[in-house]
Each structure stands twice: as structure tokens, then as C-alpha cells.
Amino acid sequence: MGNLRRNIGISAHIDSGKTTLTERMLFYTNRIHAIHEVRGKDGVGAKMDSMELERERGITIASASTNVEWKKHPIDIIDTPGHVDFTVEVERSLRVLDGAVLVLCAVGGVQSQSITVDRQMTRYQVPRIAFINKCDRMGANPERVSEQLRDKLNHNAVLMQLPIGLEDDFEGVVDLVKMKAVYFKGQFGEELVYKDIPDELLKHAVEKRDVLLDTVSMYSDELMEAYLEDHVTEELVYDAVRRGTLTREITPVFMGSAFKNKGVQPLLDGVIQYLPYPDQVENIALDLDNEERKVTLSSHPDDPLVSLAFKLDDTRYGQLTYVRIYQGTLKKGSEIFNRRSGQKVRVGRLIRMHADEMEDITQAGPGEIIAMFGIDCASGDTFTSEGLNYSMTSMYVPTPVISLSLKPKDNKASENMAKALNRFTKEDPSFQTFVDKETGESIVKGMGELHLEVYIERMRREYNVDLETGAPQVAYRESIARASDFDYTHKKQTGGAGQYGRVVGAVEPNHETDFEFEDNVKGGVIPSEYIPACREGFEQCMEKGTLIGFPIVGVKVTLNDGNYHPVDSSEMAFKTASIMAFREVYNKCKPIILEPVMRVSVEGPSEFQGAILATLNQRRGIIHSATEDNNFTVVEAEVPLSEMFGYSTVLRSNTQGKAEFTMEFSRYAKVPESISEELKKNLQKSKKIIKVYRILNDKEDIYDKIRNHKAEPGSRF
């Protein structure tokens, strides 16, 4: 079954119809027997949106896995979220998939989130085919979207089909390989009817077929020869397109309307014709016994097991671990090794997922995506057979850019909140939590307002947590603008053994990494056993800057010289000397505050272009482009995250609710001087509040005594 299996992801920007498309795929492959819409009036909702919040909001929050069979080919499908706040779900899905369907809207075309998804696919070298959805919508123009694939995503997009009619007149597609018109009949479009191409489309179809053959013949000498001699066969075209797709040099483009049940079955044919089976993808592991030498995995079921845990889900039955098997066979009851922890674990229960339903299985082979129950591990862990010390490279986890404080209303809520946070942070590496040492408050960090809002709502619903939330906070950073030298001697004599350590060096800006330490000490002026303590001291200083109390990034410390005492020097003395040296030199390095800047894309009717530009300009936005197409405007800009809170309400009121926006993290940039001063003042104010708060806490007992004191007449308290 190795060369029959496919595992694919359905990825795209929000509202492009991914979940609707997946629902149709499940229906046509007989995985489900009734179609339900994402926001259906029947109250059931799409199969892959199994979470209550997903069905209420009509968006996918967590990726969902299922498996189907199409023309005797088993296909594992992962439906991923479209909203950028849940981008880690896309990252980990693409990490384990062999191919993907990039869904685009025939009206909106390539949007900013499409560019992000495409970049993620490129990062994991995932071959893809494109599906231009919503050809029945007003303003649909799939050929224009295909051009955008070339212009904006730099794809060598090849039309495999042409639409027969558009908008309300959309009837079917012209298959440019078979040179036939395909219509979708029956109540749910389940019956495919092939007819001759309508006369009015024939000339255009011949032109586009020539373009198709001209492009794909570059990947097959046989097709090139047959094309020149005019005896091209369907098999030669399929083979050439497949070769080009596997090397990611061309992107076959399909089209249809999933909502109107048109064009999905040819897309499924495209999945098995053009996307790779597991044997055709080169999967690399690192051999931990041989200095992380790269090893190509075999995809053979009889070889030792290598698999990657890419997603965790904490259920009422225990932890559910989603696993992609790369090599070997995973069997129920077998013993496998977690290479990160070194633990041996027994596989108690193997599951094949179908959204929120489970099917028990006894074993699974290369290329399969399954789940294990009751295995304690972290996302990104590699499981192997005994004696094989391999590790798969992990996935990219974006840095959270927004935070807010949580305050449970009572002890019970506090306990439940701890349980919820423990689960959510384990499941989602881009959702993080910590306790503020000064205020004692629990802080959660995430990718955006919606990301945090969803988790807080889940705490309330699933864990019955009654809590209050603070205002969202931006994850600022501190850095330095210029280099400066330091020379600090730590000397302390308290009667017993003293402390002595001298460190000399330089601190300079570093745009490559967050922190770099270079040891240039010569002649043993600082003994080598104290150097790690020096590094530790400087690294500790990066945790919190003195301007506004946020982490310091972009710093290089070079240690050039120093001095020690044979009796009084110690690791602690050199660590302290390094901390004090940095504190002393930090202000000389012209410290600056950095803020996260978001890449923002606003789309709406052209009549509101002026209003859209005004809302961005008022938020310190830098406009990069404003393009107009068919009375539809797309404005691309960069705006500081701190200015984007509440933007959706303002945008709606300024555009009569007709414009939408998406945003994602772009980079960190220096804040203007006026904002910097304001942030510093806010820090001073919060310090005073914390001071008062602590005093009040210390005196709470006294106040309680005062309140509870029953004074006798004439007595003094």
C-alpha cells in the first residue's frame, strides 16, 4: 500500500472554504453520509469542526485529522485553521505531511495569509496543488487568481481546468488533459457527466491546453517528443505534471465551488495523480550516536521504527498523542523509546482519528498518521525502536507577541485554572504562561487577541473557571544601540573567605541572535572553570531590562580580560562581577525599547479606501501598497501591535462593516521616543502601585484585627 497512500493538508487563508471542501471530500469518499455546513442552520456543523467554539464562531481553531479512501488510495487528511493566531497548528501539520492543497478564493485571490501559508509549505518543502474555490461567487475570476499565484507567490501555476460559466452561471469545468467538459449532477453533485466542450469555450480551451503542454513538457522528454509529433496521451501529461509537482517546480491549478458541490472529485483525482506517496519524499533523521549525522529514512515497514509526535490532546481518557510514522511499523502492545527522555513506553492503545471519533487499530505503517493513548511525552518527541537513537527535527514555533493577566475569583477557580493552563500549554507551544514575580499574577502569552480569547473561553466552559482578565499587554523587548566597554571588579571581604573577581570586555549590538557570548580571555587571567559562570551572569541579565522590565535581546558580550585571586575567587564571585558589570555598562550602551510590528492586510470595497488608509495612518501604520481590483481594495501595511487593539471595531464602523483585516507578526522595531518615555512612566507608576499593594498586604493582618476588634467603651486601639 506504500505507493497508494497519500497524506495531505488542506491549508489557506481564513474564509476560503477549507472546511467546506474537506466536508465534501469526506462525503464523496463515503466517510460521511450527509453534508453539514460550517455555519449550517441544522445546528450540526461541519464534521471537522468538532469543538463547540468552532461551530459557534464558524472558524477552525484546532487542526483535525481524518482518513478517507479514494479510488483504492488511502488518504490521511488534516484540515488546518485559517486564522493567523492559530498558525502553530498549520506549522505542525505541514511538518508531517507529504503534500498539500492550497485553497484560494476565486474572488479574494491570493491574500496575505495565503502568502504566510505558502511560506510555511516552502519551509517544510511540501509539494502542493492549488484549488480555486468559490467560482460561484459574484466577482469570481479563477484565471486572475492563477496569475496572482505567479505574481505574488512566484509559483509556476499551470491551469488544469477552465470554468464553464462563472458566478451564478457556474456549471462545471473543462478538463484540459482529457479535453472534455465535466458537469456535476445529482442532489450533491455526486454524478460526473463528461460531454464535449461547449463551442464558445473550445478555442480558449485549446489555447490553454497548449500553454499546459508547453509548460509541463519541460519535465518529460517523452511528452516533449509526443507534443512535437502531435500524439500526446493523457498518461504522458499526468506523468509530466506529476514530475514537475514533486520537485515543486510547477503548481497544478484546479477550480470549483465546494459549497455548490462542483469540482471536488477532479481535485481528489489530482491528489492521487500529482501529490507524492511516502516513498517519494526524502525524510531525514539525525543520528544522535554519530554527532547528529543526517540519515535518510527508508519508509519500509520492516525496518526499525522512527516516528514523530507532532500534536497532543489532553482528553478525559488521558493524553492523546498524534504521531506520523516515517519508517517501520508501530504495533499495539509494542515497546518504543522516547529519544528525548530516554524512557521506554508500551503502546497501550492505537487509534485512527476521524475528527472527534476514534477507531481502534492494531498496527500502522510508514506514512500513516495515527494517535496513541496514555503516552506521556511532549510535542516534537521522536519515538523509535530499541537500539535506534534517531531524532527528527522539530517544527518551527512562532514567538508569542501579546499577553494578559488572569485573576481567578476564588480558590476553586484558581485550582481549575492551573489544570487548564497545564493542559493548554502542553497542547499548544505558542500559548505560554508564567507567574509575574512582582504582582503574583498569572500571565498568559499568545499569538493574538483571538488566540487568548479562545483559550480563556475554553477555561470558562471546559473547566468552569470564574476569572477576570487584565488589559492585553504587548510583549516589548529591550536592546542596545551602541557598543561600550566594561571593567568591573567585584571585591567583598566579610571576615571569612572573601569574594574577588574582575571582568573586562565589551558589550555591543548583535542583530543575528538574541544573545551571544565570546570568550577572548588569554593567558589564564580568568581560569577556564570560571568562564561559564561569567556567561551565566551576563545571560541572567538578559531576562529583564531596566528600562521597562522586558527581556533584553540583540546583545553580544565579549570577555577580553580579567583577574582572579587564588583564595577569594569563586564561580559566584565571577557571576556577580558579570551581573554588576552589565548593569553598569547597560546605560552607556544607549538602551532602546523594541515593539512587535504586525504585517496588516485590510480588504474592502474601493469606496472605503480613504477610510481604511486613515484608520491605519492614525495607528502609526506604514502603508506598503494599496491595490484596486474590480472595485475591491487591498491595503498592505505595517502597524505596531500596541496600536491594533480594538481595530476591528473601528474598521467596521468606518466601512459600514464591509472591510476585513488580517495581521501577523512581522518584526521588532524601535519605538518612537515619545512612546518610550510614556512606557517608562507607566513602569514607574506600576512600581508604585506594587509597592502600595505589598504594604497593604503586609498590613492586612493588622486591618483584619482592626475590623474584627470589638472595642470596649472608652478603650483605645
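A brief structural summary. (Residues numbered from 1 in each chain as written. Predicted model: local features only at pLDDT ≥ 70, side-chain atom pairs only at ≥ 80, totals over all residues. Heavy atoms only, no water.)

With that settled, the discussion passes to the overall build of the protein chain. Across its full length, the protein chain carries 17 helices and 38 strands. Sequence separation of at least 24 residues holds for 70% of the intrachain contacts in the protein chain that already meet a minimum separation of 6. Element-wise, carbon and sulfur atoms account for 46% of the exposed surface of the protein chain, whose accessible area totals about 33,600 Å². In the protein chain, the 90 positive side-chain charges and the 110 negative ones have mean positions that sit 6 Å from each other. (Helix = DSSP H or I, 4+ residues; strand = E, 2+ residues; numbered from the N terminus. Contact = heavy atoms within 4.5 Å. Areas by Shrake-Rupley, 256 points an atom, 1.4 Å probe, with all protein chains shown as cover. Lys, Arg positive; Asp, Glu negative; His and termini not counted. Charge placed at Lys NZ, Arg CZ, Asp CG, Glu CD.)

The next subject is the packing of helix H14 (residues 609-617) against helix H15 (residues 647-654). Relative orientation of the contacting elements H14 and H15 amounts to 150 degrees, with a least axis distance of 10 Å. Here H15 runs roughly antiparallel to H14, going by the angle between their axes. Our pair here, H14 against H15, has a crossing hand that is right-handed. Only Tyr647, Val650, Leu651 and Asn654 of H15 make contact with H14, whose side of the interface consists of Ala611, Ile612, Thr615 and Leu616. Along the lines of polarity and charge, the residues of the contact of H14 with H15 split into 6 nonpolar, 2 polar and no charged. (Axes fitted to C-alpha atoms, helices over the stretch in contact; angles between N-to-C directions. Parallel < 35°, antiparallel > 145°, perpendicular 65-115°, else oblique. Left-handed = near helix turned anticlockwise from the far one by under 90°. Nonpolar A, V, L, I, M, F, W, Y, C, P; charged D, E, K, R; others polar.)

Turning next to helix H1 (residues 18-28). Buried residues dominate H1, accounting for 11 of its 11 residues. Positive phi appears at Asn30, one or two residues downstream of H1, with a value of about 60 degrees. (Buried < 20%, exposed > 50% of the residue type's maximum accessible area, 1.4 Å probe, protein only.)

The next point concerns the packing of aromatic side chains. Overall, the coordinates contain 15 aromatic pairs when judged by the stated rule. With a centroid separation of 6.4 Å and 55 degrees between ring planes, the pair formed by Tyr238 and Tyr274 is classed as tilted. With Tyr238 in helix H8 (residues 234-246) and Tyr274 in helix H9 (residues 264-274), this residue pair connects regions lying 36 residues apart in the sequence. The pair formed by Tyr238 and Tyr274 is uniform in burial state, with each residue classed as buried. Between Tyr530 and Phe574, the ring centres sit 5.1 Å apart and the planes meet at 20 degrees, which makes this aromatic pair stacked. Placement of Tyr530 in the loop between strand S33 (515-519) and helix H12 (531-541) and of Phe574 in helix H13 (residues 571-586) is noted, with a sequence separation of 44 residues between them. For the pair formed by Tyr530 and Phe574, the shared burial category is buried. Counting every residue linked through ring pairs, the aromatic cluster contains Phe424, Phe431, Tyr455 and Tyr463. Taking the ring centre of Tyr183 as reference, the NZ or CZ of Lys195 above it sits at 5.6 Å. Above the face of the Tyr322 ring, Lys311 is positioned so that its terminal group lies 5.7 Å from the ring centre. (Phe/Tyr/Trp six-rings, centres within 6.5 Å; stacked < 30°, edge-to-face > 60°. Lys NZ or Arg CZ within 6 Å of the ring centre and 35° of its normal.)

Read these as geometric descriptors, not functional statements.
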